[in-house]
Amino acid sequence: MTINRRSVLKGMALSSIAGLTIGGPLRAMARPVSAAGQPVLVLTQEGAAGTVFLQGALTAVPQLQVQQAGVDVDFLLALERRLQTAESPRIIGLLDDASATLVVDIARSAGARIQWLGQHSAEARCSRHHLLTANIDDRWAQQLDQQLQEGGSPFTLQVERQDGSLVLRQLNTSEHLTGQATLWASSIGYLLASLGDAELGGAERAKVALPPATSIPITGNFVSFSIEA
Amino acid sequence: MSVQNNAVLPRGVSQDAFNQAVEKFRALLGEANVLAKADQLAPYNKIMMSVENAAHAPSAALTATTVEQVQGIVHICNEYKIPIWTVSTGRNFGYGSSAPVQRGQVILDLKKMNKILKVDPDMCYALVEPGVTYGQLYDYLAENNLPLMLSFSAPSSLAGPLGNTMDRGVGYTPYGEHFMMQCGMEVVLANGDVYRTGMGGVKGSNTWQIFKWGYGPTLDGMFTQANYGITTKMGFWLMPRPPVYKPFEVIFDNEDDIDEIVEMLRPLRISGTIPNSVVIANILWEAGSGNIRRSSYITEPGHTPDPILKKIQEDTGMGAWNLYAALYGTQEQVDVNWKIVTDAFKKLGKGRIVTQEEAGDTQPFKYRAELMAGIPNLQEFGLYNWRGGGGSMWFAPVSAARGSECKKQMEMAKRILHKHGLDYVGEFIVAPRDMHHVIDVLYDRTSAEETARADACFNELLDEFEKEGYAVYRVNTRFQERVAQSYGTVKRDLEHAIKKALDPNNILAPGRSGIDLDTYKKA
């Protein structure tokens, strides 16, 4: 299914995403194609996290393919076959642990590459993020750090490179509890959809990826990824 | 083609030597089968253990398609002293996944050696390569209308018989003790020789998958959970699909019932009245695999209190213990055994029996019934959402099939897990005389503090169980050296003597089950 941003927003209003309201128009400039000119497939699940992630992704790449993820064998085998074709899109997503465990392993068996693998834990007003980044510039993690800082909610961000080096960034504050605790999900959606964009990471671009406000917090545990055949 | 300065190198191997080895791997296997870039290796590095991914990061990954290529790989590894970690399908979730036991080891991924070499419907066996999955076999049996049944663990369709058997995994059918059903292996030794076990060495033999023992020493077992060779073929027996299959569940309301459940069950298992690997799952295993999340009941950190467990029972109808078993055979056989089973439960005076007709498509009954019938599904992955956060380590002590022993182990495990703020998510897999007491230590890897707690908890579980004479039958790669210590010095000395004889350069998975010529007795 190929959808555009308008249909997603329409879908949001009509679907069962209880409590999610769009606080205002996205201020990002939507670009017609991903930077690398490569199609992007978003794997998503029901719930606010997936929706906010998708909205962030649409901010970066307005033309996306979207597919519901699950833990059924047919879905996973179809995904594996897709990753083994030359026409495979880059696949990004924010899924629960069960689904993500399987998707990431399917990426391995399909011989795909993973540029970004994030483990996220979100409570009502704070979040924790553990990133394993591979072969991508540190500025992507810095970008997430910057956006989390701007969001104002307490967070910890641990970035692990494959060489074993570890970078810890955090914001511990009680002054910004009105900050948008959902920001991380849309920021990651935006960043993952943008991966490969040489321009992204600059200060100008950093300001445009703004999250939607939601009336319910995103809580729980999630895994984000970017997979390329 | 690029040879970079790798961020990760094998232990004791220089960058130059590594680069030379990689070039030889490329010449042997082709560019596409030698993965050395970070984003190619990242899929091999998602672990669920209580250490950073970096501790188990590979330096490269290779894929081979033939036995000759595997022989070529070990020759190169010997030349450059490259340690190699072999995976079949790599789906050993919670036991280390596909990551190597030691940082820097080169992964040999045999996923592309995925040929079903033979399925004999008369003698009821299969001969497969390492990359064959249960799902592939299931489809093969269905497409060829063969009345045979598979036995597999919960990752079912994605995992494979060779890898699971080599790790001595178990399934849920009457053929659930997989190593017992193995018959005939082909193993590439560290010197490149190709050894066939059992009858496999006899020229022209047609009994390699028929008769296990062959002549003289029977060596199959020493290649399991070991690093003495790379298994490239394995035969195993398949159960004929019975005309009648009757799965059932028995629900018990109280945690203390485990003692009586096991005492009642043991004679039924030893006599073969109940022929399959029965499961007794506790409430949290049941809830997790039934897609219930902890956050729906409690958001406070720490272990889930007993009143919450009772609330889940009340809300769902699940038991404190949930026993799943099945009967197989002709209608007459099943009828007779069903009467024996139901009479035994009536005599016990506890437990609500649920049949398939009563359960319908409800979970977790449906997936349990499928697993016991050799039908693959991935429902049990729901456990990873119970607490979330990506941490999962199986603690799997062996217990005698005595009620008092099982109760004692359950109470010990629960006490230690709760002390560390974690949940007891456990099940007993019931063999006639033993229990695989399998506990999923679930924790949030985004929290360094919780990860450290999980690590301490796992160590304490190993220590405290060892004091009582218990040990695990299998463990994730972080704790393999520690568990090897539980089994005593004489065993370890012998294992290292064999290692020295078969693999003097220590190239095959050093550290597997604590067998490592470079470190043993050198600390």
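Residues numbered from 1 in each chain as written. Chains lettered and ligands numbered in written order. Predicted model: local features only at pLDDT ≥ 70, side-chain atom pairs only at ≥ 80, totals over all residues. Heavy atoms only, no water.

1. A look at the overall build of chain B
Scanning chain B for helices and strands turns up 16 helices and 19 strands. For 523 residues, the compact-globule estimate of 2.2 N^0.38 gives 24 Å, and the C-alpha radius of gyration of chain B, at 23 Å, lies within 12% of that figure. Reported as C-alpha extents along the three principal axes, the dimensions of chain B are approximately 70 × 55 × 40 Å. Looking at chain B as a whole, 63% of its 523 residues qualify as buried. Look at the contacts in chain B between residues 6 or more apart in sequence, and 74% of them connect residues 24 or more apart. Total accessible area on chain B is roughly 19000 Å²; 53% of this is exposed by carbon and sulfur atoms. Of the side chains in chain B, 53 bear a positive and 60 a negative charge, and the two mean positions are spaced by 3 Å. (Helix = DSSP H or I, 4+ residues; strand = E, 2+ residues; numbered from the N terminus. Rg over C-alpha atoms; globule rule 2.2 N^0.38 Å. Buried < 20%, exposed > 50% of the residue type's maximum accessible area, 1.4 Å probe, protein only. Contact = heavy atoms within 4.5 Å. Areas by Shrake-Rupley, 256 points an atom, 1.4 Å probe, with all protein chains shown as cover. Lys, Arg positive; Asp, Glu negative; His and termini not counted. Charge placed at Lys NZ, Arg CZ, Asp CG, Glu CD.)

2. Structural notes on the confidence of the model for chain B
Of the residues in chain B, 99% reach a pLDDT of 70 or more, and the chain-wide mean stands at 96. The complex prediction reports pTM at 0.92, with the ipTM value standing at 0.93. (pLDDT = per-residue confidence, 0-100.)

3. Thoughts on unusual backbone geometry
All names here are of chain B. Residue Pro364 is bonded to the preceding Gln363 through a cis peptide linkage, with omega at 5 degrees. Its place among the elements puts Pro364 in the loop between helix H11 (356-359) and helix H12 (365-372). We note that Lys81 has phi near 60 degrees; this positive angle belongs to a residue other than glycine. Along the polypeptide, Lys81 turns up in the loop between helix H3 (67-80) and strand E3 (84-87). Within the chain, Ser156 stands out as a residue other than glycine whose phi angle is a positive 30 degrees.

4. Looking at the pattern of salt bridges
Evaluated as defined, the whole model comprises 46 salt bridges over all chains. One salt bridge in this structure joins Glu411 of chain B and Lys407 of chain B, with 3.6 Å as the shortest N-O distance. Here Glu411 of chain B and its partner Lys407 of chain B are both found in helix H13 (residues 403-419), four residues apart, which amounts to about one turn of the helix. Via salt bridges that share partners, Asp105 and Arg108 of chain A together with Arg91, Asp109 and Lys111 of chain B belong to a single interconnected network. (Salt bridge = Lys/Arg side-chain N within 4 Å of Asp/Glu carboxyl O.)

5. What to know about the pairing of strand E8 (residues 182-188) of chain B
Residues and elements named next belong to chain B. Of all seven residues that make up E8, seven are buried, and the element is covered over most of its length. One ladder, built from five bridges, connects E8 with strand E10 (residues 230-237); its direction is antiparallel. The residue bridging Gln182 from the neighbouring strand is Phe236, located in E10. When E8 meets strand E9 (residues 194-196), the two strands line up antiparallel, connected through three bridges. Its bridge partner being in E9, Val188 is matched across the sheet by Val194. As consecutive antiparallel partners, E8 and E9 are separated by five residues, and within that stretch Gly192 has a phi angle of approximately 95 degrees, a positive value. (Pairing = 2+ DSSP bridges.)

6. Quick word on the interface of chain A and chain B
Taken residue by residue, the interface counts 35 residues in chain A and 39 residues in chain B. Each partner contributes to the roughly 3200 Å² buried at the junction of chain A and chain B, and carbon and sulfur atoms together form 57% of this total. Broken down residue by residue, the surface that chain A buries against chain B is led by Thr101, Arg108 and Gln162 of chain A, which jointly contribute 23%. The tally of links from chain A across to chain B stands at five salt bridges. For Arg108 of chain A, the salt bridge goes to Asp109 of chain B, with nearest N and O atoms at 3.0 Å. Summed over the shared surface of chain A and chain B, the result is 22 residue pairs in polar contact (both at pLDDT 80 or more). (Buried area = accessible area lost by both parts, 1.4 Å probe. Polar contact = N/O pair within 3.5 Å; in protein donor to acceptor, adjacent residues only side chain to side chain.)

7. Considerations on the packing of aromatic side chains
The geometry of an aromatic ring pair is captured by the separation of the ring centres together with the interplanar angle, meaning the angle of the planes. Residues and elements named next belong to chain B. Counted by the stated rule, this structure contains 17 aromatic pairs over all chains. Plain terms: the ring middles of Tyr195 and Phe223 are 6.0 Å apart, the flat faces sit at 45 degrees to each other, and that makes the pair tilted. Here the residue Tyr195 occupies a position in strand E9, and Phe223 occupies one in the loop between E9 and E10, the gap between them amounting to 28 residues. Owing to a relative accessible area of 25%, Tyr195 belongs among the partly exposed residues under this scheme. In this structure Phe223 comes out as buried when scored by relative accessible area, which is 5%. Judged by centre distance (5.8 Å) and plane angle (50 degrees), the rings of Trp321 and Phe428 are tilted. Within this pair, whereas Trp321 is found in strand E14 (residues 321-329), its partner Phe428 is found in strand E18 (residues 426-430), the two being separated by 107 residues in sequence. Between Arg478 and the ring centre of Phe479, over which it is positioned, the NZ or CZ distance is 5.4 Å. (Phe/Tyr/Trp six-rings, centres within 6.5 Å; stacked < 30°, edge-to-face > 60°. Lys NZ or Arg CZ within 6 Å of the ring centre and 35° of its normal.)

8. Section: the side chain of Asn227 of chain B
Residues and elements named next belong to chain B. Here Asn227 is to be found in the loop between E9 and E10. A distance of 2.9 Å separates a polar atom in the side chain of Asn227 from the backbone oxygen of Ile515. If near-sequence neighbours (up to four positions away) are discounted, Asn227 is found in contact with Lys499, Asp503, Leu508, Ala509, Pro510, Gly511, Arg512 and Ile515.

9. Description of the nonpolar core
Counting residues in each nonpolar core, the largest one holds 93 residues, and the members touching the most others are Leu43, Leu83, Val103 and Ile227 of chain A. Ranked by residue count, the leading element in this core is helix H4 (residues 97-109) of chain A, at seven residues. The contacts of Val103 of chain A, once residues within four sequence positions are left out, are Leu43, Phe75, Leu76, Leu79, Leu95, Phe225 and Ile227 of chain A. Within the second largest apolar cluster, 55 residues are counted, among which are Val278, Trp338, Phe458 and Tyr470 of chain B. (Core = buried A, V, L, I, M, F, W, Y, C linked by side-chain atoms within 4.5 Å.)

10. Regarding the side chain of Thr89 of chain B
With respect to the helices and strands, the residue Thr89 of chain B is situated in the loop between E3 and strand E4 (106-109). Using a relative accessible area of 9% as the deciding quantity, one classes Thr89 of chain B as buried. Not counting residues up to four positions away in its chain, the partners in contact with Thr89 of chain B are Arg108 of chain A together with Pro130, Gly131, Val132, Thr133, Leu158, Ala159 and Gly160 of chain B.

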